[in-house]
Amino acid sequence: MILLTWRLTWYPPVHFPNDWVIILCLFWMSTVCIPRSRWQAAIQALAVLWLFTVYSLQHFPLMFDHLRLLL
Amino acid sequence: MILPLFWMGTANAAALLGAEALLQKVRNGSSAANAVLFLLIHLALVSGTVLVFGTLGLMKATVLGLVGTLALAIMLSLGIRPDWRSLKPPLPALPLTIFIGAVALRLAMQVWYFVPYVPDTLFYHLPKVAEWTRAGAITREVGLDWRANFPAGFELLEIWWVVFLHHEVLIELAGVEFLGLAFAAVYSLSRSAGLGERPSYLAATLALMTPGLHFQATSCLNDGAVAALILAAFALLAGRVHPGPALSAVFLGLGVKPTFGFALPGILLLWFLCRREPQDRPASPRIARGLALGTAMVGAYWYARNLFLHGNPLHPFSLHEPLPYRDYVLRTTPSLDSLASNILILINRRLYDPEAISAQLRGIAGWGIGGFAIGLPALLIAVRENPRFKRLAAAFGCSLVSVLAFSTTDAWYLRFTLFFPALLAVAAALWAERDRWLRIPIGAALAMLFLDTIVPYEFPMGGVAELARSPWRNRSMSSFSWDPPGNDPVLCVEGAGFFYRIYRPDYSRRVLYARPRNPEEVLSLMDRENIRYIRGASTPILTELVREGHLKRSIGQYFERIPRDRDPDRSEGTPRPPR
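Residues numbered from 1 in each chain as written. Chains lettered and ligands numbered in written order. Predicted model: local features only at pLDDT ≥ 70, side-chain atom pairs only at ≥ 80, totals over all residues. Heavy atoms only, no water.

### A word on the overall build of chain B
Then, number 1: A tally of helices and strands in chain B yields 23 helices and five strands.
Then, number 2: Taken over C-alpha atoms, the radius of gyration comes to 25 Å for chain B, in line with the 25 Å a tight globule of 579 residues would show.
Then, number 3: Taken along its principal axes, the extent of the C-alpha atoms in chain B is 85 × 60 × 50 Å.
Then, number 4: The buried share among the 579 residues of chain B stands at 58%.
Then, number 5: Expressed as a percentage of contacts within chain B between residues at least 6 apart in sequence, the contacts between residues at least 24 apart total 73%. (Helix = DSSP H or I, 4+ residues; strand = E, 2+ residues; numbered from the N terminus. Rg over C-alpha atoms; globule rule 2.2 N^0.38 Å. Buried < 20%, exposed > 50% of the residue type's maximum accessible area, 1.4 Å probe, protein only. Contact = heavy atoms within 4.5 Å.)

### Section: the overall build of chain A
Then, number 1: Per the secondary structure count, chain A includes three helices and zero strands.
Then, number 2: Reading the helices (α) and strands (β) of chain A from amino to carboxyl end gives α-α-α.
Then, number 3: Looking at chain A alone, contacts between residues at least 24 apart form 35% of all its contacts between residues at least 6 apart.

### Quick word on the sheet that holds strand S2 (residues 511-513) of chain B
All names here are of chain B.
Then, number 1: Reading across the sheet, the five strands line up as S2-S1-S3-S5-S4 and stay open at both edges, with mixed pairing between neighbours. Bordering the open sheet on either side are S2 and strand S4 (551-553), each of which pairs with just one other strand. With direction set aside, neighbouring strand axes in the sheet form an average angle of 30°.
Then, number 2: The sheet strands contacting helix H22 (residues 540-547) are strand S3 (533-535), S4 and strand S5 (558-561), and the helix crosses S4 at an angle near 105°. (Pairing = 2+ DSSP bridges. Axes fitted to C-alpha atoms, helices over the stretch in contact; angles between N-to-C directions.)

### Observations concerning the interface of chain A and chain B
Interface extent is often summarised as the accessible area lost during association of the parts.
Then, number 1: Across the contact, 33 residues belong to chain A and 40 residues belong to chain B.
Then, number 2: Considering only the side of chain A, the residues that lose the most area to chain B are Trp 20, Phe 52 and Tyr 55 of chain A, jointly responsible for 22% of the buried surface there.
Then, number 3: Taken together, chain A and chain B are joined by one salt bridge.
Then, number 4: In this structure, Arg 36 of chain A and Asp 435 of chain B form a salt bridge, with 2.9 Å as the shortest nitrogen-oxygen distance.
Then, number 5: The interface formed by chain A and chain B contains nine residue pairs in polar contact (both at pLDDT 80 or more).
Then, number 6: Secondary structure elements with two or more residues in the side of chain A that touches chain B: helix H1 (2-10), helix H2 (20-33) and helix H3 (38-70) of chain A. (Buried area = accessible area lost by both parts, 1.4 Å probe. Salt bridge = Lys/Arg side-chain N within 4 Å of Asp/Glu carboxyl O. Polar contact = N/O pair within 3.5 Å; in protein donor to acceptor, adjacent residues only side chain to side chain.)

### Comments concerning the pattern of salt bridges
Then, number 1: All told, the structure shown has 17 salt bridges over all chains when counted by the stated rule.
Then, number 2: We note a salt bridge from Glu 155 of chain B to Lys 128 of chain B, for which the minimum N-O separation is 3.5 Å. Residue Glu 155 of chain B is located in helix H6 (residues 153-163), and its partner Lys 128 of chain B is located in helix H5 (residues 119-135); the two are separated by 27 residues in the primary sequence.
Then, number 3: By relative accessible area, which is 0% here, Glu 155 of chain B ends up buried.
Then, number 4: The residue Arg 501 of chain B makes a salt bridge to Glu 168 of chain B at a minimum N-O spacing of 3.2 Å. Placement of Arg 501 of chain B in helix H20 (residues 499-502) and of Glu 168 of chain B in the loop between H6 and helix H7 (173-192) is noted, with a sequence separation of 333 residues between them. No difference in accessibility class separates Arg 501 of chain B from Glu 168 of chain B, as the two residues are buried.
Then, number 5: A network of salt bridges, in which partner residues are shared, links Arg 36 of chain A together with Glu 385, Arg 434 and Asp 435 of chain B.

### Observations regarding the packing of aromatic side chains
Then, number 1: Inspection of every chain in the model, using the stated rule, returns 31 aromatic pairs over all chains.
Then, number 2: Their ring planes at 5° and their centres at 5.9 Å tell us that Trp 132 of chain B and Trp 302 of chain B sit as a pair that is stacked. With Trp 132 of chain B in helix H5 and Trp 302 of chain B in helix H13 (residues 285-310), this residue pair connects regions lying 170 residues apart in the sequence. For the pair Trp 132 of chain B and Trp 302 of chain B, one class covers both residues: buried.
Then, number 3: One aromatic cluster is present, built from ring pairs that chain together Trp 20, Tyr 55, Phe 60 and Phe 64 of chain A together with Tyr 352 and Phe 372 of chain B.
Then, number 4: Across the ring face of Phe 450 of chain B, the terminal group of Arg 106 of chain B is positioned such that the distance to the ring centre comes to 4.1 Å.
Then, number 5: Positioned above the aromatic ring of Phe 272 of chain B is the side chain of Arg 275 of chain B, whose terminal nitrogen or guanidinium carbon lies 3.9 Å from the ring centre. (Phe/Tyr/Trp six-rings, centres within 6.5 Å; stacked < 30°, edge-to-face > 60°. Lys NZ or Arg CZ within 6 Å of the ring centre and 35° of its normal.)

### So, a nonpolar patch on the surface
Residue and element names in this part refer to chain B.
Then, number 1: A cluster of nonpolar residues, Leu 105, Met 109, Trp 112 and Tyr 113, forms a patch on the protein surface that exposes about 400 Å² of accessible area.
Then, number 2: Mapped onto the secondary structure, Met 109 falls in helix H4 (residues 94-113).
Then, number 3: Take Met 109: its relative accessible area is 46%, and that puts it in the partly exposed class. (Patch = residues over 30% accessible without salt bridge, like charges linked within 9 Å, V, L, I, M, F, W, Y side chains within 5 Å. Areas by Shrake-Rupley, 256 points an atom, 1.4 Å probe, with all protein chains shown as cover.)

### Notes on the side chain of Asn 386 of chain B
All names here are of chain B.
Then, number 1: One can find Asn 386 in the loop between helix H15 (368-385) and helix H16 (387-406).
Then, number 2: Of the polar contacts made by the side chain of Asn 386, one reaches the backbone nitrogen of Phe 389; its length is 2.9 Å.
Then, number 3: In this view, Asn 386 contacts Ala 193 and Leu 430; residues no more than four positions away in its chain are not counted.

### Section: the confidence of the model for chain B
Keep in mind that low pLDDT regions are not for reading the predicted coordinates in detail.
All names here are of chain B.
Then, number 1: Residues of chain B with pLDDT of at least 70 account for 93%, and the chain-wide mean is 90.
Then, number 2: Across chain B, the secondary-structure element scoring lowest on mean pLDDT is helix H23 (residues 568-571), at 49, and the one scoring highest is H6, at 97.
Then, number 3: Every residue in residues 570-579 is under pLDDT 50, and counting partners more than four places away or in other chains gives 16 contacts.
Then, number 4: Interface confidence in the predicted complex, given as ipTM, is 0.86; pTM for the same model is 0.93. (pLDDT = per-residue confidence, 0-100.)

### Notes on the side chain of Glu 458 of chain B
Then, number 1: Looking at the element boundaries, Glu 458 of chain B is found in the loop between helix H18 (439-452) and helix H19 (463-469).
Then, number 2: One buried charged residue, Glu 458 of chain B, forms no salt bridge at all, with the nearest opposite charge on Arg 362 of chain B at 8.8 Å. (Lys, Arg positive; Asp, Glu negative; His and termini not counted.)

### Comments concerning the pairing of S5 of chain B
All names here are of chain B.
Then, number 1: Burial along S5 is two-sided: the face carrying Tyr 558 and Glu 560 and the face carrying Phe 559 and Arg 561 are both buried.
Then, number 2: Sheet topology note: the S3/S5 ladder contains three bridges and is antiparallel. The residue bridging Tyr 533 from the neighbouring strand is Glu 560, located in S5.
Then, number 3: Note: S4 against S5, three bridges, orientation antiparallel.

### Describing the environment of Phe 114 of chain B
Residues and elements named next belong to chain B.
Then, number 1: With respect to the helices, strands and loops of the structure, Phe 114 is situated in the loop between H4 and H5.
Then, number 2: Distance in space between the C-alpha atoms of Phe 114 and Gly 68 is 28 Å, their sequence separation being 46 residues.
Then, number 3: Sequence-distant contacts of Phe 114, that is, excluding residues within four places in its chain, are made with Met 109, Glu 172, Thr 218, Ile 454, Pro 456, Phe 459 and Leu 467.

### Observations regarding the packing of H15 of chain B against H16 of chain B
Residue and element names in this part refer to chain B.
Then, number 1: Between H15 and H16, the shortest axis-to-axis distance is 6 Å and the interhelical angle comes to 120°. Judged by the inter-axis angle, H15 sits oblique to H16. Between H15 and H16, the contacting residues are Leu 379, Ala 382, Val 383 and Glu 385 on the first element and Pro 387, Phe 389, Lys 390 and Ala 393 on the second. (Parallel < 35°, antiparallel > 145°, perpendicular 65-115°, else oblique.)

### Details of helix H12 (residues 264-274) of chain B
Residues and elements named next belong to chain B.
Then, number 1: Looking only at H12, the buried set comprises Gly 266, Ile 267, Leu 270 and Cys 274. Projected down its long axis, H12 shows its buried positions confined to an angular sector of 100°, all on one face.
Then, number 2: Each element contacted by the buried residues of H12 is listed here: helix H10 (223-238), helix H11 (243-256) and H16. (Arc of directions from axis to C-beta.)

### A short note on unusual backbone geometry
Residue and element names in this part refer to chain B.
Then, number 1: Cis geometry is found at the peptide bond from His 315 to Pro 316, where omega equals 10°.
Then, number 2: Structurally, Pro 316 is set in the loop between H13 and helix H14 (336-348).
Then, number 3: Look at Phe 498: it is not a glycine, yet its phi comes out positive at around 50°.
Then, number 4: Structurally, the position occupied by Phe 498 is in the loop between strand S1 (490-492) and H20.
Then, number 5: In this model, Asn 530 sits at a positive phi of 55°, which is unusual for a non-glycine residue.
Then, number 6: Take Asn 530: it is sitting in the loop between helix H21 (519-529) and S3.
Then, number 7: Judged by its relative accessible area of 54%, Asn 530 is exposed.

Below, the structure is given as C-alpha cells:
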C-alpha cells in the first residue's frame, strides 16, 4: 500500500497502463486479501499477462527489427 | 594443429582432475554447493597456473601442455580418479533437458562463430590477452588505453583458451565457463531455498537465459563473470560450505573487477544470517584455508602490480584526483543521489529493456521478460511464504542497493546488477512449484528469451553473414577494422583504437605502442622496427610527418610510410635538422 500510495501521489506521472509498479501492488493485494482459490489464480494470471504485454510492447518490436536487419 | 590440440586436451584434463582432487579435500555442505565449489576450484587452478607461468615467462602451449601432461600422469599414478557418481546429477524434466541442450548447442556455435565485437574489449581488455599471448609472458605492456590497467583476472581465463591454439577462436569459452558457474550457483541457491532437484533446474535455466548474462558470456566482457562469482559466493554461504572456499569466490571476484566489491555488503549479510547454521567440517581445513590464500594472491596480484608500477593499487583511478580523461572519480562511499537516480531510471525505463539486448546493456537492464513478468510478482509471494528465501532476498536486496548506490549513473550501470535476476529466477521456480499453471507463461518466457539471445545488438549489419562465410582461421568482421597488407609490425600512437583487431585472429601481427614526444622519435622507431603503418589520430606529430612527406594518410586511422626513395630528407641525402 505504501508503494502504491507513493507511486500514485508522490511520483507522477503514472504511465498507466504501462506501470508495472501498480500492477505489482494489485498483485500483492490479491495474494494478501484473497484466499488461495481460482479467483486468486485468475487475478495473478491476469497480472502476469499484463506484465508480459507491457514488456513485449516495449521490447519486442525493436528486437525483431534488430533480428530482421541482421539475419 | 594436432599437437596444440593434444596439449590443450591434457592440460584441461589435468586442471579438471586437479580440481576434483582438491574438492575431495575441501568438500562439505550440500552436494549442489560442492558442484559450485568444483567449478570455482577449477577456475582458480587455471587462473593461478596462467598467472604463475605468465609471470615466469613460460606461458607457451608446449610448456603448459608438458606440465599438464606430467601433472595428469602423477595424479593418475597416485590413484586420483574422478568420482563418476558425483558427476551424474539427476536430469531435469525432458522438455527442460531438450531446451538446455539446445541452448548449450547454440552457445557452442556462438563460441565458434563469434569474434570479439564489443568496443571496450577491443580497446583495453583483449589487447592484453594478445600482447601477453604473443610474448608468452605477462609483460608490462598493456596498450595505450587508460583503462588497460584494470585488474585482469578474467583475461587469465581467456589466455588459457587462446594460448594452446595461438588463436582466438575459442576465447569466448572463458565467459561460458562463468555462465556454467552461474547456472550451478543458481541451482545450489534454489536447493538452499528448499526447492527440489527438478524445479531447481528450472530456476537455473531461467537465470541462464537472463539476456544480459547470456550475451556477456560470449562477449569477452567481464561483468558476467563478476555476477557469476557473486552468485557463487551466495551459493557457498547458503549451502553451508566452509568459509575458506566461500572467500575464494570473493578474492577471485575482486581480481576480475573491483566492482565486485560493490556487492560485498549483501555477501556479508548472508554470512551473518547463516553463521549459526551447522557446517560440515572439510576433510582438510588446511587445504580449504590454502585455497582461500591462493585465490587471495591471484586476486591481489593486479592491485600489487599497479602499486609497484604506478604507486597506486587502483591506478588509473585516484581516490583524490579526477582522472585526466574524464570528469570521473572512483567512488569510495555510497551516494544517495546515485541510488535514487539509478533506481528511478531502472523502474521507469530500463526494466522494460526498451532496446534489442546488447552485451554492454546500453540503456537496458537485460533482466529479460522472465525476470520482469514472472520473477517480480514471484518475488512478492516467495518473500511472504518462504523463510529461507527471505534470507536470500535480504542479502540480494542489500547487494543490489549497494551496487546502485556505488554506481555512477550512465548508460551501462545496470551491467553491475546481473546477479539480481537469479533471485527472480529462484522466486519464479518456487511459485511454479506452488501453482502449476505458471509453467505455461514460464515456457513462453523461455521461448522468448531464446529468441532474444541469438545475436547481440552490437553486431553490425551483415555481421552474421560475414562471420558465417569466413573460414575460422581468419574470421573477423571487416566493418571493425581494416587489416593492413603484409606482416610488418604496426605502430599505435595516441588516438588509435580497436587495438586488438590489429593483432589478427592468430596473433600473427606484432603491435608496438608508443607515446612519442616529437616526429623524430616516430621516424627512428619506424626505421628500427621496419614499420610501414602507423595507427593513430591526426595529432600534431603525425600531421607534421604528413606535411613533411614522410607519411601519407591511408585507410581509417592508418598512416602509411612513404618509401625511402621518395622520402624528401633521405632522397636528398641530407640529415634532418635538429629540433
